[in-house]
Amino acid sequence: MREYNDLLGFQRIISIIFLIFILISTSFTNTLVTLPKSLNTLITVLLFLLYLIITFSSSYNLKNFIEQIVFLVIAVFSYILTGASVFSILLLSVNVLRNLQIKEILRYYFYIRLLVIVVIVLLSIMGIIDNNYVVISKAGLYRVSRYAFGYAHPNQLAQALGSLLLAYYSMNYSRKLDYSSIITYSIVSITIYQLTLSRAFLIISILFIIFNFILNIKVVGHTKEVGIPILRYSELWIGLALFLSLLLPYFMTIQVGELRFILYKINDLLSSRLTFSASVMENYPLSLFGTTFSFDKLGLIYRKFAVDVGYINLLYSFGLVPFLAFIITTNIVCKKLFELNFYVLLLVFYLMLLWASMENIIVNCSVDFVILLFGSILFNQKSNKVEMI
């Protein structure tokens, strides 16, 4: 028994080291601080070694063993064909981070990300790195200017601050936010919006506030809040995210009649995201495991060009198989969260899915932190239930 406890303690330490290094290596994404390529390579090698240590020191039943093999095969193929390690490392993290509890992972995420954000902002204010002054076009109707405080764009500053805010509430609340917490969240999110003018963050914040109000509503004679059934059907939330990010751009490629007018109105509101995504569909092939390519070709065609939709990037950069693996795993994870009554965290999962239909955050765990929770939710349910209630 003592040897077993020692093994669990050893595995926990390895998992914590893995988590810290993956957070450090990704936290500078979209900032003006660039880690040396040699350091990134060293961290990637270290993460893989830590994965091997966890894998060979763990025991598995047949079902878990098959799951680990599937994740490993997809991770290896993805890395070989794309040359990018980010998605592969996230797949391997499912096995490594299974030894940690949800709240524990959120706590490490929150404090490490908070430290990095403070450092980046201070460096920009002190003039050590640029404080980008960005002119932003809003729906093609008017222009505004905002500072990015060490980030490449004010929208990415909003991603950093917004994800930190959602992580805080996910860490401290299980079933729902009370009214005072909703008001506090509203004040902070309005401040972030005024600082960055990110419409994507504003939409996510409004939805978070509305659904937390709904989760506080009870009907006389019922023991559960009326909003809980809305969270049960993960397929609807995932379907909505895929409709916005994949089907609408596809319709742009076959637009006719009245549909053309409606789609272009939506496209204007989304800063041309639909036409950019549609252009990817028209100019790039879809592969099983991704390939090494960039969207530079579209830059030559359209001059200023950005593929901001996370699902388009995931599907075309990493391929159909990783894309489906992500969607299927996400659906399973959401079902388990509902069973555990983690309604606030489940709502954040859904909002991250919708956020990814507007901005490229899916494989960026410095923003889309819920990906780091997959292993803990899938394989560590009993411990999580004790910890979070």
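Residues numbered from 1 in each chain as written. Predicted model: local features only at pLDDT ≥ 70, side-chain atom pairs only at ≥ 80, totals over all residues. Heavy atoms only, no water.

Draft legend 1. Region of the structure containing the packing of aromatic side chains. Counted by the stated rule, this structure contains 19 aromatic pairs. Between the aromatic rings of Phe-338 and Tyr-343, the centroid separation amounts to 5.7 Å while the plane-to-plane angle is 55°, which identifies the pairing as tilted. The pair formed by Phe-338 and Tyr-343 is uniform in burial state, with each residue classed as buried. One aromatic cluster in this structure is built from Phe-110, Tyr-111, Tyr-168, Tyr-169, Tyr-185 and Phe-208. Here Arg-98 stacks its cationic end above the ring of Phe-379, 4.3 Å away from the centre of that ring. (Phe/Tyr/Trp six-rings, centres within 6.5 Å; stacked < 30°, edge-to-face > 60°. Buried < 20%, exposed > 50% of the residue type's maximum accessible area, 1.4 Å probe, protein only. Lys NZ or Arg CZ within 6 Å of the ring centre and 35° of its normal.)

Draft legend 2. Quick peek at the packing of helix 6 (residues 154-172) against helix 8 (residues 199-215). Running from N to C, helix 6 and helix 8 cross one another at 15°; their axes reach a closest spacing of 10 Å. As far as their axial angle goes, helix 8 and helix 6 are roughly parallel. Two packed elements cross with a definite hand, and for helix 6 against helix 8 that hand is left-handed. On helix 8, the residues that touch Ala-158, Gly-162, Leu-166 and Tyr-169 of helix 6 are Phe-201, Ile-204 and Phe-208. Among the residues forming the contact of helix 6 with helix 8, the class breakdown is 6 nonpolar, 1 polar and no charged. (Axes fitted to C-alpha atoms, helices over the stretch in contact; angles between N-to-C directions. Helix = DSSP H or I, 4+ residues; strand = E, 2+ residues; numbered from the N terminus. Parallel < 35°, antiparallel > 145°, perpendicular 65-115°, else oblique. Left-handed = near helix turned anticlockwise from the far one by under 90°. Contact = heavy atoms within 4.5 Å. Nonpolar A, V, L, I, M, F, W, Y, C, P; charged D, E, K, R; others polar.)

Draft legend 3. Structural detail: the pattern of salt bridges. A full pass over the atoms with the stated rule returns 2 salt bridges. Two residues, Glu-104 and Arg-12, come together in a salt bridge whose shortest N-O distance is 2.7 Å. Placement of Glu-104 in helix 5 (residues 102-125) and of Arg-12 in helix 1 (residues 2-26) is noted, with a sequence separation of 92 residues between them. Notably, a salt bridge pairs Glu-235 with Lys-335, separated by 3.1 Å at the nearest N-O pair. (Salt bridge = Lys/Arg side-chain N within 4 Å of Asp/Glu carboxyl O.)

Draft legend 4. Geometry of the environment of Leu-378. As for its position among the elements, Leu-378 is in helix 17 (residues 374-379). Leu-378 sits 49 residues away from Thr-329 along the chain, and the two C-alpha atoms are 9.1 Å apart. Beyond its immediate chain neighbours, meaning those up to four positions away, Leu-378 contacts Val-94, Thr-329, Ile-332, Val-333 and Lys-336.

Draft legend 5. Seen up close, helix 14 (residues 310-318). Most of helix 14 is tucked away, with 9 of its 9 residues classed as buried. For helix 14, the full list of buried residues reads Gly-310, Tyr-311, Ile-312, Asn-313, Leu-314, Leu-315, Tyr-316, Ser-317 and Phe-318. On the buried face of helix 14, the contacting elements are helix 3 (62-82), helix 4 (86-96), helix 10 (234-253), helix 12 (273-283), helix 15 (320-339) and helix 16 (343-355). Of the residues flanking the end of helix 14, it is Gly-319, one or two places downstream, whose phi is positive at about 100°.

Draft legend 6. Spatial organisation of the side chain of Thr-196. Checked against the element boundaries, Thr-196 lands in helix 7 (residues 179-196). Of note is the side chain of Thr-196, whose polar atom sits 2.9 Å from the backbone oxygen of Ile-192. (Polar contact = N/O pair within 3.5 Å; in protein donor to acceptor, adjacent residues only side chain to side chain.)

Draft legend 7. Expanded view of helix 4. Of all 11 residues in helix 4, 10 are buried; the element is thus mostly enclosed. Listed as buried for helix 4 are Phe-87, Ser-88, Ile-89, Leu-90, Leu-91, Leu-92, Ser-93, Val-94, Asn-95 and Val-96.

Draft legend 8. How the structure looks around the environment of Asn-267. Topologically, Asn-267 is positioned in helix 11 (residues 257-269). Using a relative accessible area of 3% as the deciding quantity, one classes Asn-267 as buried. Distance from Asn-267 to Pro-249, taken between C-alpha atoms, is 9.2 Å for residues 18 residues apart in sequence. If we skip the residues at most four places from it in the chain, Asn-267 touches Met-252, Ser-272, Arg-273, Leu-274 and Thr-275.

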